[in-house]
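# Summary of structural features
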Amino acid sequence: MKTILSILIIFLPMVSQAQNFDTALDYLDFIKEEQEDISKRMWKYTKAIAHSRNDRKIERRRERLIKTIDKAIKNIENAPGFDGEHFKSQVLNRLVLNRNLLNDEYDKIIDMKEISEQSYDAMEAYMKAQELADKKMEKVQNEYESNLYKFANKHNINIVEGDSDLGKKMAKSNEVFKYYKAIYLVYFKVYVNEIYLMEALNANDINGIQQNANALSSSAEEGLKILDTLSAYDRDKSLISTTRKSFEFFQDEADEKMPILIDFLLLSEDMQKSQKAIEDTPKRKRTKKQVEDFNNLVNNYNKSVQTY
């Protein structure tokens, strides 16, 4: 029994390495099984970067993709080509390029995403890097599909449109994302002032609130002017419309709401100073006016709390 098992262990790798393909269609089916799913998963991965907030999940997906590509490369390398090695080399080159994209460009993009919301420049750099990487992936896919059709035509194989036109879908997707990113950068340039404003508000920094409210109002007004110059995408104005509503909200927040909040914070400061003055003054030395002024401040403060 042990002897038979040993023979099988030695023989199995030889069977794997001796794989042959009787027809070009057999070889195409083999290639499709090894790498077509990788194309779709690569594409979905790039979109997950843009939409997902879970960077750890994205990183795990990237690592799994690299392992899948490495396995496909090994399987294709170990199998003989069909009608020479030219098409096999093209397929392997495409997989290596995808692996390099994941190891280099998209690895850096994940790092850039983590800090992208810290400033407009960081967000712009992150989006530009993602756009360039997506275009590279689209180019690699288009070259692969071109080689696939040449091989199929040479061997009189009919490839149904839709089974292998991922490059066209990538091109369309990249076009949509390019439009989205352009408008999002206009939005983010305004929104970053909102972030600074909220930080100042949480810190009760009156000067900071005033400065950032002015900056938010000014940038929102500038953003609205830019939106007036933009065209709808494929007659769809929803993204422009939604962004416009955000800018109008920011303007109202900065111009109408912040003055009320600033007044409240100033009143709160006055009340605290008055309270300290009262507490530091012995009861017998407190004047009637001093007490009345403090009580009026307390009443005004309590009324303004709900407004705040």
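The shown structure was predicted, so the numbers you read here are calculated from the model rather than taken from an experiment.

Here the focus is the overall build of the protein. Of the regular secondary structure elements, the protein holds ten helices and zero strands. Starting at the N terminus and ending at the C terminus, the protein contains elements arranged as α-α-α-α-α-α-α-α-α-α. A globule of 308 residues ought to have a C-alpha radius of gyration of about 19 Å, yet the protein, at 32 Å, is considerably larger. With respect to the principal axes defined by its C-alpha atoms, the protein has extents near 110 × 60 × 25 Å. Expressed as a percentage of its 308 residues, the buried residues of the protein come to 39%. The contacts in the protein between residues at least 6 apart in sequence include a share of 74% that link residues at least 24 apart.

For the rest of this paragraph, the subject is the packing of aromatic side chains. When we look at a pair of aromatic rings, we describe it by the centre distance and by the angle of the planes. Under the defined criterion, the tally for this structure stands at 19 aromatic pairs. One aromatic cluster is present, formed by F177, Y180, Y184, Y187, F188, Y191, F247, F249 and F250 through successive ring pairs. Between the NZ or CZ atom of R94 and the centre of the ring of Y144, over which it lies, the distance is 4.8 Å. Positioned above the aromatic ring of Y120 is the side chain of K189, whose terminal nitrogen or guanidinium carbon lies 5.4 Å from the ring centre.

Okay, the packing of helix α4 (residues 86-103) against helix α5 (residues 105-115) next. Two numbers describe how α4 lies on α5: the axes approach to 3 Å, and their chain directions differ by 20°. Relative to α5, α4 is oriented roughly parallel. Of the residues in α5, those touching α4 at N100, L101, L102 and N103 are E105, Y106 and D107.

One pass over the full model with this rule turns up twelve salt bridges. Overlapping salt bridges, with partners in common, bring together E59, R62 and D107 in one network.

A word on a positive patch on the surface. Together, K32, K40, K44 and K169 give the surface a local cluster of positive charge. Counting residues per element, the positive patch draws most heavily on helix α2 (residues 24-51), at three residues.

Our next topic: empty space enclosed by the protein. In the structure shown here, the tally under the stated rule is one cavity of 30 Å³ or more. Its volume calculated, the largest cavity comes out at about 40 Å³. Every residue along the wall of the largest cavity is listed here: E131, D134, K135, N174, F177, K178 and K181. Counting residues per element, the ones that place at least two in the lining of the largest cavity are α6 (120-154) and α7 (166-202). Among the elements that make up the lining of the largest cavity, the one with the highest residue count is α7 (four residues).

Within the largest apolar cluster, 70 residues are counted, with the highest numbers of intra-cluster contacts made by Y27, Y106 and F247. It is α7 that provides the largest number of residues to this core, a total of 14 residues. Residues in contact with Y27, not counting those within four places in the same chain, are F21, I76, P80, G81, F82, F87, K88 and F151. Within the second largest apolar cluster, five residues are counted, among which are L267, M271, I278 and F294.

What follows is about the confidence of the model for the protein. It should be kept in mind that the predicted coordinates are not to be read in detail where pLDDT is low. Chain-level pLDDT for the protein is 85 on average; 92% of the residues reach the 70-or-more range. Confidence, expressed as mean pLDDT per element, reaches its minimum in the protein at helix α1 (residues 2-17) with 36 and its maximum at helix α8 (residues 206-228) with 96.

Time to look at the layout of surface pockets. Regions of empty space are outlined by a rolling probe, equal in size to a water molecule, passed over the atoms. Here the largest pocket defines a volume of roughly 320 Å³. In terms of lining residues, the largest pocket is bounded by 19 residues, among which R53, K113, S116, E117 and Y126 are the most central. Only α2, α5, α6 and α7 provide two or more residues apiece to the lining of the largest pocket.

Attention now moves to a negative patch on the surface. Together, D22, D26, D29 and E33 make up a region of like negative charge exposed at the surface. Here D29 lies in helix α2. Judged by its relative accessible area of 44%, D29 is partly exposed.

Attention now goes to α4. The first and last C-alpha atoms of α4 sit 26 Å apart over 18 residues, in line with the 26 Å expected at 1.5 Å per residue. Within α4, burial applies to F87, K88, V91, L92, R94, L95, N98, L101 and L102.

Tracing the backbone shows F87 in helix α4. Here F87 falls in the buried class, since its relative accessible area comes to 5%. Separated by 35 residues in sequence, F87 and S52 place their C-alpha atoms 36 Å apart. Those residues in contact with F87 that sit more than four places away from it in its chain are Y27, L28, I31, N147, L148 and F151.

Unusually for a residue other than glycine, D83 sits at a positive phi of about 60°. Tracing the backbone shows D83 in the loop between α3 (55-78) and α4. With phi around 70°, R235 is a residue other than glycine that occupies positive phi space. When you line up the elements, R235 lands in the loop between α8 and α9 (238-280).

Calculation rules
Residues numbered from 1 in each chain as written. Predicted model: local features only at pLDDT ≥ 70, side-chain atom pairs only at ≥ 80, totals over all residues. Heavy atoms only, no water. Helix = DSSP H or I, 4+ residues; strand = E, 2+ residues; numbered from the N terminus. Rg over C-alpha atoms; globule rule 2.2 N^0.38 Å. Buried < 20%, exposed > 50% of the residue type's maximum accessible area, 1.4 Å probe, protein only. Contact = heavy atoms within 4.5 Å. Phe/Tyr/Trp six-rings, centres within 6.5 Å; stacked < 30°, edge-to-face > 60°. Lys NZ or Arg CZ within 6 Å of the ring centre and 35° of its normal. Axes fitted to C-alpha atoms, helices over the stretch in contact; angles between N-to-C directions. Parallel < 35°, antiparallel > 145°, perpendicular 65-115°, else oblique. Salt bridge = Lys/Arg side-chain N within 4 Å of Asp/Glu carboxyl O. Patch = residues over 30% accessible without salt bridge, like charges linked within 9 Å, V, L, I, M, F, W, Y side chains within 5 Å. Areas by Shrake-Rupley, 256 points an atom, 1.4 Å probe, with all protein chains shown as cover. Lys, Arg positive; Asp, Glu negative; His and termini not counted. Charge placed at Lys NZ, Arg CZ, Asp CG, Glu CD. 1 Å grid on protein atoms, 1.4 Å probe; cavity = no way out; pocket = protein on both sides within 12 Å on 5 of 7 lines; lining within 4 Å. Points joined across faces, edges and corners; volume = space filled by probe spheres on them. Core = buried A, V, L, I, M, F, W, Y, C linked by side-chain atoms within 4.5 Å. pLDDT = per-residue confidence, 0-100. Expected span 1.5 Å × (residues − 1).

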